[in-house]
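Coordinate analysis (summary)
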Amino acid sequence: MFDLKQYINEITNIVGLDGVLTDNKKQYETDWRNRYNNPCLAVIFPSTIEQISAILKLSSTHKVGIVPQGGNTSLCGASVPNDSGSPQIILNLRRLDKIINIDINNQSITVEAGCTLDKVIEYAKTNGLYFPLCIASSGSCQIGGNIATNAGGIHVIRYGMMQNLVLGLEVCLPDGSIVNQLQSLRKNNTFFDLKQLFIGSEGTLGVITKATLKLYQQPESYFTAMCGVNDLSTACLLLNSLNKYYNLCAFEIINPLTQEIHNKHFHPMGVTASWVILFEIETNSEFSLEDLVNKLGEFAINLDNLILASNENERQNLWHVRENIPLAEKMEGVAVKHDISLPISNIGDFIKTNESNILKHFPDAQIIIFGHLGDGNLHYNIQFKNIDYNKLQNIESMINNIVYTDVYKYNGSFSAEHGVGVLKKDWLSKYYDSRSYQLALSLKKLLDPNNILNPKKVF
Ligand SMILES: Cc1cc2nc3c(=O)[nH]c(=O)nc-3n(C[C@H](O)[C@H](O)[C@H](O)COP(=O)(O)OP(=O)(O)OC[C@H]3O[C@@H](n4cnc5c(N)ncnc54)[C@H](O)[C@@H]3O)c2cc1C
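So, how was this worked out
- Residues numbered from 1 in each chain as written.
- Predicted model: local features only at pLDDT ≥ 70, side-chain atom pairs only at ≥ 80, totals over all residues.
- Heavy atoms only, no water.
- Helix = DSSP H or I, 4+ residues; strand = E, 2+ residues; numbered from the N terminus.
- Rg over C-alpha atoms; globule rule 2.2 N^0.38 Å.
- Buried < 20%, exposed > 50% of the residue type's maximum accessible area, 1.4 Å probe, protein only.
- Areas by Shrake-Rupley, 256 points an atom, 1.4 Å probe, with all protein chains shown as cover.
- Lys, Arg positive; Asp, Glu negative; His and termini not counted.
- Charge placed at Lys NZ, Arg CZ, Asp CG, Glu CD.
- Pairing = 2+ DSSP bridges.
- Contact = heavy atoms within 4.5 Å.
- Axes fitted to C-alpha atoms, helices over the stretch in contact; angles between N-to-C directions.
- Expected span 1.5 Å × (residues − 1).
- Salt bridge = Lys/Arg side-chain N within 4 Å of Asp/Glu carboxyl O.
- Polar contact = N/O pair within 3.5 Å; in protein donor to acceptor, adjacent residues only side chain to side chain.
- Near = heavy atom within 4 Å.
- Nonpolar A, V, L, I, M, F, W, Y, C, P; charged D, E, K, R; others polar.
- Core = buried A, V, L, I, M, F, W, Y, C linked by side-chain atoms within 4.5 Å.
- Domains from an automatic or database assignment.
- Phe/Tyr/Trp six-rings, centres within 6.5 Å; stacked < 30°, edge-to-face > 60°.
- Lys NZ or Arg CZ within 6 Å of the ring centre and 35° of its normal.

Regarding the overall build of the protein chain
- Of the regular secondary structure elements, the protein chain holds 15 helices and 19 strands.
- Its C-alpha atoms give the protein chain a radius of gyration of 23 Å, near enough to 23 Å, the size a compact globule of 459 residues would have.
- Counting only C-alpha atoms, the protein chain reaches 70 × 55 × 40 Å along its principal axes.
- The buried share among the 459 residues of the protein chain stands at 55%.
- Here the protein chain has roughly 20600 Å² of accessible surface; of this, 50% comes from carbon and sulfur atoms.
- Placing the 38 positive and 45 negative side-chain charges of the protein chain at their respective mean positions leaves the two points 7 Å apart.

A few points about the pairing of strand β9 (residues 178-181)
- Where strand β8 (residues 166-172) lies against β9, four bridges are found, and the strand directions are antiparallel. Of the residues in β9, the one forming a bridge with E170 is N180.

What about the sheet that holds strand β1 (residues 20-21)?
- With mixed pairing, four strands are arranged side by side in an open sheet as β1-β2-β4-β3. Of all strands in the sheet, those bounded by a partner on one side alone are β1 and β3 (65-69).
- Of the strand pairs in this sheet, β3 and strand β4 (residues 88-92) are connected by five bridges, and their pairing is parallel. Residue pairing across strands places Q69 opposite N92, the latter belonging to β4.
- Contacting β2 (42-44), β3 and β4, helix α3 (residues 49-62) runs over the sheet at an angle of about 170° to β4.

A word on α3
- Helix length check: α3, at 14 residues, gives a terminal C-alpha distance of 20 Å against a target of 20 Å (1.5 Å per residue), a fit within 8%.
- Where α3 is concerned, the buried positions are I49, Q51, I52, S53, I55, L56, L58, S59 and S60.
- Looking one or two residues beyond α3, the residue adopting positive phi is K63, at roughly 55°.

Thoughts on the side chain of D406
- Position of D406 among the secondary structure elements: in helix α13 (residues 389-409).
- It is K409 that comes nearest to the buried, bridge-free D406 among opposite-charge side chains, at 4.8 Å.
- A polar atom in the side chain of D406 sits 2.9 Å from the side chain of N357.
- If sequence neighbours within four positions are ignored, D406 has contacts with F350, T353, N354 and N357.

A short note on the site of the ligand
- Taken together, the neighbourhood of the ligand is formed by 34 residues, with P68, G70, T73, S74 and S137 sitting nearest.
- A distance of 2.9 Å separates a nitrogen atom of the ligand from a polar backbone atom of I208.
- Within the complex, 93% of the 970 Å² of free accessible area of the ligand lies under protein.
- For the shell around the ligand, the elements supplying multiple residues, two or more each, are β3, α5 (143-149) and β10 (207-214).
- Counting residues per element, the shell around the ligand draws most heavily on α5, at five residues.
- The residue inventory of the shell around the ligand, partitioned by class, reads 13 nonpolar, 19 polar and two charged.

Here's the deal with the nonpolar core
- Ranked by size, the top nonpolar core spans 54 residues in total, and within it F251, F279 and Y380 carry the most contacts.
- Among the elements that line this core, the one with the most residues is α13, at seven residues.
- Residues from two domains meet in this core; each of domain 2 (221-304) and domain 3 (333-417) gives at least three.
- Counting residues in each nonpolar core, the second largest holds 35 residues, with V120, F131, I147 and L169 among its members.

Considerations on the side chain of Q383
- For Q383, the position within the fold is in strand β19 (residues 377-383).
- Of the residues examined, Q383 reaches a relative accessible area of 1% and is grouped as buried.
- Separated by 3.2 Å, the side chain of Q383 and the backbone oxygen of E329 make a polar contact.
- In this structure the side chain of Q383 is engaged in a polar contact, spanning 3.2 Å, whose partner is the backbone oxygen of G333.
- Aside from chain neighbours lying at most four places away, what touches Q383 is I261, E329, E332, G333, V334, A335, D364, A365, Q366 and I368.

A short note on the packing of aromatic side chains
- Applying the stated criterion across every chain yields a total of 16 aromatic pairs.
- Judged by centre distance (6.3 Å) and plane angle (55°), the rings of Y437 and F459 are tilted. Placement of Y437 in helix α15 (residues 434-447) and of F459 in the segment after α15 is noted, with a sequence separation of 22 residues between them.
- For F459, a relative accessible area of 24% puts it in the partly exposed group.
- Among the aromatic residues, those joined into a cluster by ring pairs are Y404, Y408, F414, W427 and Y431.
- Note that K295 overlies the ring of Y245, its terminal NZ or CZ placed 4.1 Å from the centroid.
- It is R315 that lies over the ring of Y222; its NZ or CZ is 3.8 Å from the centre.

Re the sheet that holds β10
- Spatially, the five strands line up as an open sheet ordered β5-β6-β10-β8-β9, and their pairing is antiparallel. With one partner strand each, in any of the chains shown, β5 (99-103) and β9 form the two edges of the open sheet. Sheet twist, expressed as the average angle between the axes of neighbouring strands with direction ignored, equals 10°.
- The pairing of strand β6 (residues 108-112) with β10 spans five bridges and is antiparallel. Bridge pairing links I109 to L213 in β10.
- Relative to the sheet, α3 contacts β8, β9 and β10, its axis offset from that of β10 by approximately 140°.

See the structure below:
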C-alpha cells in the first residue's frame, strides 16, 4: 500500500527540507500557455545527480510518476503533470546549473542539465566562443529541456537542431542507474550512438543530467535585412541564392495577415509585401553590401521596400519584429496553433490547398503564417475573431484534421520543433509509422517498465 507521507519523508531525506515544495506549487503545475494545470504531490529540486538517481529508484519502487521539468516553456503541455489523478511529482532541474568545463581547443562545453540556455551562450561568449541555439525562451529554458525536446529556433538553417549540437550526454534511467555517454568527440563510431535515443524523447526515457555541447567560433559580424517578395517561389529562389553565396544563418517569412496584426499592435515593421522576409547572414571583412544589394535586385525586390540593418541596434530592431509576432497574435485573439514542417518545395502548394480547405469549412478563419522557411518549418495558426477559448476548443480537432491531412498529403510533419507532449499525442497513432511506434514502445517498456517517466505524455 502506497504511503504518501512516508514517500515524501524519504524524498525529503534525499534532497533536504528546502528541496521539497508541497504548497504553492501552481506555477510549476501550469504550462506556459496556461492550457494545462494538474496537481502533483510535490515539486522536488535535486542539486546532485546522486539525488536524482535515488529519487528515480524510490519512485520506481512506489510507482510514482515523475515529470522532469526544465524551464517549463514547453508549448505542448509536456512539462507539467497529467490529468490521470495518479501520484506524480515534478522533478525540477533548476538547481543542477553548474558549468563543468569549457575546452577552448576542442570547442566544447560540458554543463549540468539545469543551466539555462542563456547561461551557456553567455559563458561561451565570455570565452570567445559561440553556442548557436537561438530561441526566444532562452532566458528560462534549460539545456536538459532543449535536448529532451530537440529544440530548433532561427539558426537551424546553418547549425542544425539541438541533436547536431550535442557531443555527449549523461542520463539517469528510471531504475536509478546512470548511462554515461558524456564524451566530447566529433567522431566516434564505437558501437551504437545511444545518446541519440534520449534527444527529443521529451522526458519519457531518462532524466538528462549533463551534456557536452559543440561550440563554434563567434561570428565576426552579422548583416540583417528585411525585404518583400511577391510570391513564395521567389522567396525559395532567394533562399537558395543567399545560401549559395553567403553564410546564411536565418531566413524567416511573414504573410500579409501576420504583418497586419503585428503593425496593429506594435510599431509597423516598415516593409509590406505578399511575403516579408527577414534574413541574416554571418559576415566578415570581405562582405560587400553592394554585391548583396545587386543580388537582391535579381529577385525583383523593390529597394524602397527594403530595410538594411547597418548596426547592432538596427539589427535588434528587426529581430524584435519577429519576436513580437506571437505577442501580437495573442493580443488579437485565440488561435489553433500548428508547428508544421514540409519539404520546402511543397510549401507553396500546401498553403494554397490548405487555405482553400480551411475557408471551405470555416469562412471566418484567418490564417497567420510565419516561421523558418529555411528549414521548411511554419507556424501556421488558424485564428478567429470574436470567439472565445472554449468555443475554439470545440472546433480545434476538426481544424487540426484539415491542416494535418494536407500536411501529410505534402509529405510533412505535424511537429517540427515543439514536440508531441500531451497536445499532439493523439495524432501520433494516425501519422507515425505503426512498426516504428511499436519499436519506440518496446524501448519505453524496456527502459521504464513501471511507466514512471512523464506518464501519459507522447505514448
Ligand atoms: C516564447 C517561446 C519561444 C519558443 N521558441 C522556440 C523555438 O524557436 N524553437 C523551439 O524548438 N522551441 C521553442 N519554444 C519551446 C521551448 O522553449 C523548447 O521546447 C525548450 O527546448 C524547452 O526547454 P525547457 O527547459 O523549458 O523544457 P520544459 O518545458 O521544462 O520541458 C520540455 C520537455 O522536456 C522534458 N525535460 C525537461 N528537462 C529535462 C531533463 N533534464 N531530462 C529529461 N527530460 C527533460 C520535460 O519533461 C518535457 O517533456 C519556445 C517557447 C516559448 C515559450
